Amino acid sequence: MKKKLLVLLSLILIIAMVPAEALALSADYELTDTFTQTKNVSAGEQIEGKIEGNTLTITGTTDIPLNGIGMNFVPPYSGSQGKTSGRVSGNTFTLTKNLSSLAPGLYKINIYPTSGTFTGVPALTRMIPVVIGSESGFVKYTDIEAANKATYAVLDKLCVPSQFEKANLSDMPFVNKNPQKDEESQPLTSSQCAYIKKWTLEITKGCTTDIEKVKAIYTYAAKHLYYDNNRRGKTFNNPYYNLKRITEGTGSGYNYQNGKVAVECTGYAALEIAMARSIGIPARMVNGRHNNTYKDWSQITPLSGQNHHWAEVYVNGQWIVADATDATESDYNYNSKQWITKGISSYFTFAPTIQQLSQSHITYTVYTKPMSLKLSSGSGYILCSWSKVPASGYQLQIATNSSFTKNCKTYSVTSSSKKVTGIKSGRTYYVRIRPYVKANGTKRYSSWSKAYSIRK
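Here the structure is a predicted model, which means the values were calculated and not measured.

**Student:** Explain the overall build of the protein chain to me, and be specific about the residues and the numbers.
**Tutor:** When its secondary structure is counted, the protein chain shows 6 helices and 27 strands. Here the protein chain, with 456 residues, has 53% of them falling under the buried criterion. Once local pairs closer than 6 in sequence are excluded, the contacts in the protein chain between residues at least 24 apart make up 70%. Per element, the accessible surface of the protein chain, about 19600 Å² overall, is 47% carbon and sulfur.

This is the structure in structure tokens:
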């Protein structure tokens, strides 16, 4: 059987892309770069490849200082094999691999430093899918890519950049809430906004373009925040307090220690968004699903349901992803009280193309201020009304218990009100709402509002 090699070559520390083209051909292998230029950002680091005979050669450049470089060919869902080291000269590297010994099948390539701070971490790329022979791999990858493209096509029409400029985060105050207290979330104060701006100007000093500024912000968040995997939903994500603890080394709490701050994905995104907005760059928070495993999407169940927030910023007339959560391997273990410091390890999720993003992210909707409902009633009905947000439509649920398991009815609405009939007197009804984006024939939902109640 004629062997074919399909290598989806990604951009390293993504700042620019080379046009899609066949980089080299031989009698036995075909190497194709399937990524296309979709981001109009400044030139920077990249990865390129070619095949001569049975040998794959990958060259690249990186912002991360390198003392050594390695490449791993990983069979699906198993340990690593095919390790090889490469030559490094300054911030450029060359890797080679003889392909003739590999059996037909699906492989993934990790490229990582072999010495220095990030030893062994697949820091420079995520997974480059490789198919040898006729086996098809990454079964759902193309479906996710198509759906993400369709979702962004809708979002870019719905989301006007001016909607995402408020430096006080009044459109997303939930990030400022103390998760240990049942209190109303508040926007940032003017003095808090000024503090964030002061440090953002310091961090971006010397940057001449917006893309350089948001890259500096992405880098800062990745270097100084730690991921708390033990306390999901309970971390402090307030960007002012987190920044203050980083810069002043003060504060107390289970996720603070001597200037170290532990958050979850929402905390990374909130800091990036607050800093970008403080210097006039629109920024938004996106809801989606994240595959942070080394498994193919076809092995992830379910694909529905959001589990991740990330930041996107508006520069050069377009929205670009800046997911600093994926830029670091630094962690905080609440159980052992151990801080694992690794700093920035990857720029893979800075300005990726849709194809690159789709290897690890499914985009659902843009976060907007939690929707609120106004409820009124009459004979046999409840009238629900709300303010419109960037969305294709809304899903409304009404039930006779707050967990929405009893007598629950669901409605899809595109207007800003819904009259629900068949309501019985002497009962308490609970109502909630969430926006959705309809793309590629699928509805992608944001978070539910709180449950509102009304007594009939």
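**Student:** Can you explain the packing of aromatic side chains? Please cite residues and give values.
**Tutor:** For the coordinates displayed, the defined rule picks out 11 aromatic pairs. Between Phe 174 and Tyr 367 the ring centres are 4.6 Å apart and the planes differ by 45°, which places this aromatic pair in the tilted class. Taken together, the residues span a long stretch of sequence, with Phe 174 in the loop between α1 (141–158) and α2 (190–203) and Tyr 367 in the loop between β19 (361–366) and β20 (374–378) at a distance of 193 residues. A relative accessible area of 27% means that Phe 174 is categorised as partly exposed. Plain terms: the ring middles of Tyr 436 and Tyr 445 are 5.7 Å apart, the flat faces sit at 65° to each other, and that makes the pair edge-to-face. Of note, Lys 419 hangs over the ring of Tyr 381, and the distance from its end group to the ring centre comes to 4.3 Å. Directly above the ring of Phe 404 sits Arg 432, whose terminal nitrogen or CZ lies 4.2 Å from the centroid.

**Student:** Describe the pattern of salt bridges, and please don't skip the residues or the numbers.
**Tutor:** Here the structure, examined in full by the defined rule, presents 6 salt bridges. Residue Lys 149 is joined to Glu 145 by a salt bridge in which the shortest nitrogen-to-oxygen separation is 3.2 Å. With Lys 149 and Glu 145 both in helix α1, this residue pair falls 4 residues apart, about one helical turn. Residue classification places Lys 149 among the partly exposed residues on the basis of a relative accessible area of 40%. Take Glu 145: its relative accessible area is 13%, and that puts it in the buried class. Here Asp 171 and Arg 277 are joined by a salt bridge, their closest N and O atoms 2.8 Å apart. Taken as a pair, Asp 171 in the loop between α1 and α2 and Arg 277 in helix α5 (residues 265–278) lie far apart in primary sequence, 106 residues in all. Of the residues examined, Asp 171 reaches a relative accessible area of 13% and is grouped as buried.

**Student:** Explain the pairing of strand β21 (residues 381–385) to me, using residue names and the numbers behind them.
**Tutor:** Consecutive residues of a regular strand have side chains that alternate between opposite faces of the sheet. The side-chain alternation of β21 yields one buried face, formed by Ile 382 and Cys 384, and one unburied face, formed by Tyr 381, Leu 383 and Ser 385. Two strands pair when backbone bridges link them, and β20 and β21 are joined in this way by 5 bridges, in the antiparallel orientation. Pairing of Leu 375 across the sheet is with Cys 384, part of β21. The hairpin turn running from β20 into β21, its antiparallel successor, is 2 residues long, and Gly 380 in that turn takes a positive phi close to 80°. The sheet contact formed by β21 and strand β24 (residues 417–421) spans 5 bridges and is antiparallel. Directly across from Leu 383, in β24, lies its bridge partner Lys 419.

**Student:** For the sheet that holds strand β17 (residues 331–333), give the residues involved together with the corresponding values.
**Tutor:** The strand order β12-β13-β11-β17-β18 describes an open sheet built from 5 strands, whose pairing is mixed. Only two strands of the sheet have a single partner each, and these edge strands are β12 (256–257) and β18 (338–340). Pairing between β12 and strand β13 (residues 260–263): 2 bridges, direction antiparallel. When the sheet's bridge partners are listed, Gln 257 is paired in β13 with Lys 260. Packing against the sheet, helix α4 (residues 239–248) makes contact with β11 (225–228), β12 and β13, and its axis sits at approximately 150° to β13. The strands touched by α5 within the sheet are β11 and β13, with β11 carrying the most contacts at an inclination of about 150°.

**Student:** Residues and numbers for the nonpolar core, please.
**Tutor:** By size, the foremost hydrophobic cluster in this structure holds 49 residues, and its most contacted members are Val 214, Tyr 218, Leu 225, Ile 273, Ile 320 and Phe 350. Among all residues touching Tyr 218, those that are not within four sequence positions of it are Glu 272, Ala 322, Asp 323, Ala 324, Ala 327, Ile 344, Ser 346, Tyr 347, Phe 348, Thr 349 and Phe 350. Membership of the second largest hydrophobic core comes to 19 residues, among which are Met 371, Val 389, Ala 391 and Ile 454.

**Student:** Which residues make up unusual backbone geometry, and what values do they have?
**Tutor:** The residue Asn 258 is not glycine, and still its phi comes out positive at about 50°. Residue position: Asn 258 is located in the loop between β12 and β13. For Asn 407, which is not glycine, the phi torsion reads 50° and is therefore positive. Here Asn 407 is to be found in the loop between β22 (393–399) and β23 (409–413).

**Student:** Tell me about α5, and please be specific about residues and values.
**Tutor:** In this model α5 runs 20 Å from its N-terminal to its C-terminal C-alpha over 14 residues, within 8% of the 20 Å that 1.5 Å per residue would give. Burial of α5 is extensive: 14 of the 14 residues sit out of reach of the surface. Positive backbone phi, approximately 85°, marks Gly 280, located one or two places after α5.

Each value, and the rule that gives it
Residues numbered from 1 in each chain as written. Predicted model: local features only at pLDDT ≥ 70, side-chain atom pairs only at ≥ 80, totals over all residues. Heavy atoms only, no water. Helix = DSSP H or I, 4+ residues; strand = E, 2+ residues; numbered from the N terminus. Buried < 20%, exposed > 50% of the residue type's maximum accessible area, 1.4 Å probe, protein only. Contact = heavy atoms within 4.5 Å. Areas by Shrake-Rupley, 256 points an atom, 1.4 Å probe, with all protein chains shown as cover. Phe/Tyr/Trp six-rings, centres within 6.5 Å; stacked < 30°, edge-to-face > 60°. Lys NZ or Arg CZ within 6 Å of the ring centre and 35° of its normal. Salt bridge = Lys/Arg side-chain N within 4 Å of Asp/Glu carboxyl O. Pairing = 2+ DSSP bridges. Axes fitted to C-alpha atoms, helices over the stretch in contact; angles between N-to-C directions. Core = buried A, V, L, I, M, F, W, Y, C linked by side-chain atoms within 4.5 Å. Expected span 1.5 Å × (residues − 1).

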